[in-house]
Amino acid sequence: MLKMMTFFQGLPGQQPMPGALDFPGGPQKLPSTSEAESEASMSEASSEDLVPPLEAEVAPDRDEDEAVKKKEKKKSKGLANVFSVFTKGRKKKGQPSSADTEGESEPQARLAGRLPTVEELKADLEHGRLEAAGPLLALERELRAAAAAGGASEEELVRRQSKVEALYALLRDQVLGLLRRPLEAAPERLRQALAVLAAQEREDRAAAPGPSGLAATRPRSWLQLWRRGVAQAAEERLGRPPPAGAEGRTEAERLFLHMGRTMKEDLEAVAARLKPLFPAEFGVVAAYAESYHKHFAAQLAAVAQFELCERDTYMLLVWVQNLYPNDVINSPKLAGELQGVRLGSLLPPKQIRLLEATFLSSEVTSVKELMARALELESQRWAQDVAPQRLDGHCHSELAIDIIQIISQGQAKAESITLELGTQIKHMLLVELAAVLRSYQRAFEDFLECCRQLRNYRANVMANINNCLSFRTYMEQKWQTPQDLLRPLLSPLNELQSRGFDALLQNLFADLKPLFKRFTQTRWAAPVQTLEEIISVVGERLPEFSELHDCFRKELMEAVHLHLVKEYIIRLSKRRLVLKTAEQQQQLAGHILANAQLIQHFCTQNGSPAAWLHHALPTLAEIIRLQDPSAIKIEVATYATWYPDFSKGHLSAILAIKGNLSNSEVKGIRSILDIDTGAQAPSKSLFSLIKVG
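Residues numbered from 1 in each chain as written. Predicted model: local features only at pLDDT ≥ 70, side-chain atom pairs only at ≥ 80, totals over all residues. Heavy atoms only, no water.

## Section: the overall build of the chain
Next, step 1: Check the secondary structure of the chain and you find 25 helices and two strands.
Next, step 2: Put simply, the chain has 693 residues, and 47% of those count as buried.
Next, step 3: Contacts in the chain between residues at least 24 apart in sequence constitute 78% of all its contacts with a sequence separation of at least 6.
Next, step 4: As displayed, the chain offers around 34100 Å² of accessible surface, 52% of which is attributable to carbon and sulfur atoms. (Helix = DSSP H or I, 4+ residues; strand = E, 2+ residues; numbered from the N terminus. Buried < 20%, exposed > 50% of the residue type's maximum accessible area, 1.4 Å probe, protein only. Contact = heavy atoms within 4.5 Å. Areas by Shrake-Rupley, 256 points an atom, 1.4 Å probe, with all protein chains shown as cover.)

## A closer look at unusual backbone geometry
Next, step 1: Cis geometry marks the peptide bond from Arg218 to Pro219, where omega comes out at 0 degrees.
Next, step 2: Positive phi, normally seen in glycine, also occurs at Arg523, with a value near 55 degrees.
Next, step 3: If you check the backbone angles, Trp524 has positive phi at about 60 degrees while not being a glycine.
Next, step 4: With respect to the secondary-structure elements, Trp524 resides in the loop between helix H18 (483–521) and helix H19 (527–541).

## Details of the pattern of salt bridges
Next, step 1: According to the stated counting rule, one finds 39 salt bridges in the structure shown.
Next, step 2: The shortest N-O distance in the salt bridge between Asp204 and Arg218 comes to 2.9 Å. In this pair, Asp204 sits in helix H9 (residues 187–206) while Arg218 sits in the loop between H9 and helix H10 (222–239), placing the two residues 14 residues apart along the sequence.
Next, step 3: Looking at Asp204, the relative accessible area reads 12%, which means it is buried.
Next, step 4: In this structure, Arg541 engages Asp511 in a salt bridge whose closest nitrogen and oxygen atoms are separated by 2.6 Å. One end of the pair, Arg541, is in helix H19; the other, Asp511, is in helix H18, with 30 residues separating them in the sequence.
Next, step 5: Among the charged side chains, a salt-bridge network with shared partners connects Glu140, Arg141, Arg144, Glu165, Glu203, Asp204, Arg218 and Arg220. (Salt bridge = Lys/Arg side-chain N within 4 Å of Asp/Glu carboxyl O.)

## Quick word on the nonpolar core
Next, step 1: In terms of nonpolar packing, the biggest core is built from 189 residues, with Leu171, Leu179, Trp226, Met475 and Leu564 touching the most fellow members.
Next, step 2: Residue contributions to this core peak at 14 residues, all from H18.
Next, step 3: Beyond its immediate stretch of four places on either side in the chain, Leu179 contacts Leu190, Ala193, Leu194, Leu197, Trp226, Phe278 and Tyr288. (Core = buried A, V, L, I, M, F, W, Y, C linked by side-chain atoms within 4.5 Å.)

## As for the packing of aromatic side chains
Next, step 1: Following the criterion strictly, the structure yields 22 aromatic pairs and no others.
Next, step 2: Plain terms: the ring middles of Phe296 and Tyr324 are 5.3 Å apart, the flat faces sit at 80 degrees to each other, and that makes the pair edge-to-face. Separated by 28 residues along the polypeptide, Phe296 in helix H12 (residues 284–304) and Tyr324 in helix H13 (residues 310–329) bring together distant segments of the chain. Across the pair, Tyr324 and Phe296 agree in class, each one buried.
Next, step 3: Look at Tyr643 and Phe687: their rings are 6.1 Å apart centre to centre, the planes differ by 70 degrees, and that puts the pair in the edge-to-face class. (Phe/Tyr/Trp six-rings, centres within 6.5 Å; stacked < 30°, edge-to-face > 60°.)

## Overview of the packing of helix H21 (residues 582–605) against helix H22 (residues 616–625)
The packing of two helices is summarised by the inter-axis angle and the distance between the axes.
Next, step 1: Where H21 meets H22, the closest approach of the two axes is 8 Å, and the angle between their N-to-C directions is 175 degrees. In terms of axis orientation, H21 runs roughly antiparallel to H22. Residues Gln585, Gln586, Leu588, Ala589, Ile592, Leu593, Ala596 and Ile599 of H21 pack against Leu617, Pro618, Ala621, Ile624 and Arg625 of H22.
Next, step 2: Residue composition of the contact of H21 with H22, by class: 10 nonpolar, two polar and one charged. (Axes fitted to C-alpha atoms, helices over the stretch in contact; angles between N-to-C directions. Parallel < 35°, antiparallel > 145°, perpendicular 65-115°, else oblique. Nonpolar A, V, L, I, M, F, W, Y, C, P; charged D, E, K, R; others polar.)

## Some points on the packing of helix H16 (residues 419–450) against helix H17 (residues 457–479)
Next, step 1: Running from N to C, H16 and H17 cross one another at 165 degrees; their axes reach a closest spacing of 12 Å. By the angle between their axes, H16 is roughly antiparallel relative to H17. The handedness of the crossing between H16 and H17 is left-handed. From H16, Lys426, Leu429, Leu430, Leu433, Leu437, Tyr440, Phe444, Phe447 and Leu448 reach across to H17, where they touch Tyr457, Asn460, Val461, Asn464, Asn467, Phe471, Met475 and Trp479.
Next, step 2: Its residues placed into classes, the contact of H16 with H17 shows 13 nonpolar, three polar and one charged. (Left-handed = near helix turned anticlockwise from the far one by under 90°.)

## Considering the environment of Leu689
Next, step 1: One can find Leu689 in the segment after helix H25 (663–670).
Next, step 2: Those residues in contact with Leu689 that sit more than four places away from it in its chain are Leu562 and Lys566.

## Some words on helix H23 (residues 629–642)
Next, step 1: Here H23 contains 14 residues, and its C-alpha end-to-end distance of 20 Å stays within 8% of the 20 Å for a straight helix at 1.5 Å per residue.
Next, step 2: Of all the residues in H23, the buried ones are Pro629, Ile632, Val636, Tyr639 and Ala640. The buried side chains of H23 occupy one side of the element, clustering within an arc of 100 degrees when seen end-on.
Next, step 3: The secondary structure elements touched by the buried residues of H23 are H22, helix H24 (648–655) and H25. (Expected span 1.5 Å × (residues − 1). Arc of directions from axis to C-beta.)

## Comments concerning the environment of Asn467
Next, step 1: Structurally, the position occupied by Asn467 is in helix H17.
Next, step 2: Asn467 sits 72 residues away from Cys395 along the chain, and the two C-alpha atoms are 9.4 Å apart.
Next, step 3: If we ignore the near neighbours within four places in the chain, the residues touching Asn467 are Ser397, Leu399, Ala400 and Tyr440.
Next, step 4: Within the structure, Asn467 has its side chain in polar contact with the side chain of Ser397 (distance 3.3 Å). (Polar contact = N/O pair within 3.5 Å; in protein donor to acceptor, adjacent residues only side chain to side chain.)

## Focus: the environment of Leu593
Next, step 1: One can find Leu593 in helix H21.
Next, step 2: Not counting the four nearest positions on each side in its chain, Leu593 is found in contact with Pro618 and Ala621.

## Digging into the confidence of the model for the chain
Next, step 1: Mean pLDDT over the chain stands at 83; residues scoring 70 or higher make up 82%.
Next, step 2: Under a pLDDT of 50 for its full length, residues 1–106 has, in the predicted model, 166 contacts with residues more than four places off or in other chains. (pLDDT = per-residue confidence, 0-100.)

Below you can see the structure in the form of structure tokens.
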């Protein structure tokens with residue numbers, strides 16, 4: 001289920017996608033000839049509106065001969081050549097290349113130490129000479145001075161201003177054209193354009209209200225136009241359709257990956273290649289980051305308006321809450337650059353909460369359905385008598401692994417969004433896990449009842465008992481949940497294990513029952529030989545349980561140990577044996593003690609951890625052996641602290657063997673159990689399993 005997660009990890013080091021290099025400095029696709037011609041024709045058509053007739057001279061006091069020469073010049077081609085910068089080196093007919101421009105000598109007006117004429121400035125700008133920005137600014141200031149001084153007619157001022165503004169339009173397009181694709185421009189050209197832009201910003205700030213007779217042209221706000229161009233570039237870059245070929249991903253996944261990768265690569269290029277060239281006050285990295293972020297957020301907001309499938313909801317949250325802030329904004333190359341840029345989240349908090357609620361609901365439902373399906377398939381295999389797998393010599397079922405994987409994947413998905421969401425879903429998954437474990441217990445009990453005659457019955461019982469180890473280990477180590485919260489999870493497993501042990505031991509215990517009856521049938525005539533026969537039968541059957549895990553073999557051996565002790569006490573409590581003399585009682589006590597040692601040695605040797613049973617028979621033997629009622633009381637009091645479920649009824653059955661005790665002595669010994677010894681309820685039961693009359 002989580003294989004889709006692998007593509008997140010590739011984000012920082014992915015190779016650029018097709019077309020991704022046109023911003024970060026790679027070659028652009030050149031326009032076709034028809035496209036270039038169309039672009040040029042559009043430029044020429046618009047130039048007539050933008051540039052007024054250029055027959056007048058710049059300064060009113062220049063001689064009329066020069067003005068006449070201007071009128072006789074060829075009609076200007078207008079602004080068509082201005083746009084040549086966007087054709088990436090393609091040269092229109094008659095237009096010099098950048099190499100030609102660099103090799104030309106300074107304009108004659110500059111060499112002559114005078115302001116160039118409008119036509120000279122126009123020619124300079126059309127050839128991409130940004131040095132013309134200085135004379136143009138001087139021309140603008142001269143015009144403002146003339147207007148302020150008066151003397152020039154309003155018609156003359158309008159005519160001259162229109163020419164200045166036409167030249168500024170040429171300069172603006174040259175400068176912003178370079179800044180539109182800054183990574184394609186030569187560093188020196190880019191520095192020139194930035195210097196012009198900075199000078200214009202300074203002039204905007206310094207400009208006073210214009211004199212009467214001139215239209216207001218300041219502030220020109222070219223920096224704002226540049227920022228607008230950055231926003232358009234971001235929209236263009238992120239708005240491109242994702243590349244095809246990403247099999248297995250939804251359209252939304254491909255869109256998110258494309259935008260995230262493009263933004264990361266583009267901002268890294270801006271930080272590495274543009275930041276050293278741009279004036280610090282322009283905030284070039286912040287400008288690009290804010291524009292990309294705004295468009296990215298707009299795209300995600302548009303996607304979020306639709307009714308998303310479960311997978312796309314998850315992916316949207318992963319990008320908004322994890323990948324974008326961590327792998328893009330805080331990537332090694334960008335974290336320092338964007339530290340002071342407040343980009344915020346891609347989606348509003350309220351919308352994120354709604355999406356998270358949708359994700360949690362759908363994910364928990366999915367986990368619940370997958371676990372139920374896994375249990376259904378497993379129970380069908382039991383009913384169909386399919387043999388379980390063998391793994392390292394143990395009966396093995398995949399059910400625990402399947403359910404643990406389903407739970408873990410749900411948890412991991414939530415944590416891949418945020419750790420807080422992982423905490424939220426953890427409690428929800430605990431509830432669903434407890435429910436499926438109860439269903440598991442019920443299904444197993446139905447199997448025990450209905451399928452006893454199947455060939456692989458015992459093997460499947462052991463496989464299910466072995467499952468409990470995987471579940472317990474996972475819950476105790478992975479979840480690290482307090483015991484009170486684990487209890488609803490462990491209780492069905494404990495019950496399942498107990499029922500499984502009962503099923504496995506049922507036949508063995510049935511075979512032992514007649515042997516235990518022999519104790520009372522023979523009036524304990526040969527208790528040692530009887531017990532040795534019992535131990536022999538048990539020893540022959542123990543290999544049947546070898547396919548249990550070691551820990552369960554030990555627990556099963558503890559169950560056998562408990563059964564042997566319990567059945568032995570039951571036989572002692574039958575009230576069919578009454579011994580009148582101390583010698584008879586001491587002889588029986590010796591037999592009991594010998595049998596207790598045999599049971600303890602056999603069971604311990606075969607892995608029983610039930611040390612709590614070691615006192616059960618020896619202390620009863622001591623009670624039978626002792627003749628002093630006071631000494632018997634001490635033993636009984638001690639016994640009751642070890643086995644709090646030892647009742648007066650159980651004590652009476654044992655004291656019945658001692659036929660030489662008076663009724664008052666028996667009553668006094670029994671009264672010891674009325675004293676509160678402070679013993680807690682037993683964690684394991686012995687005498688509560690033994691019924692006495």
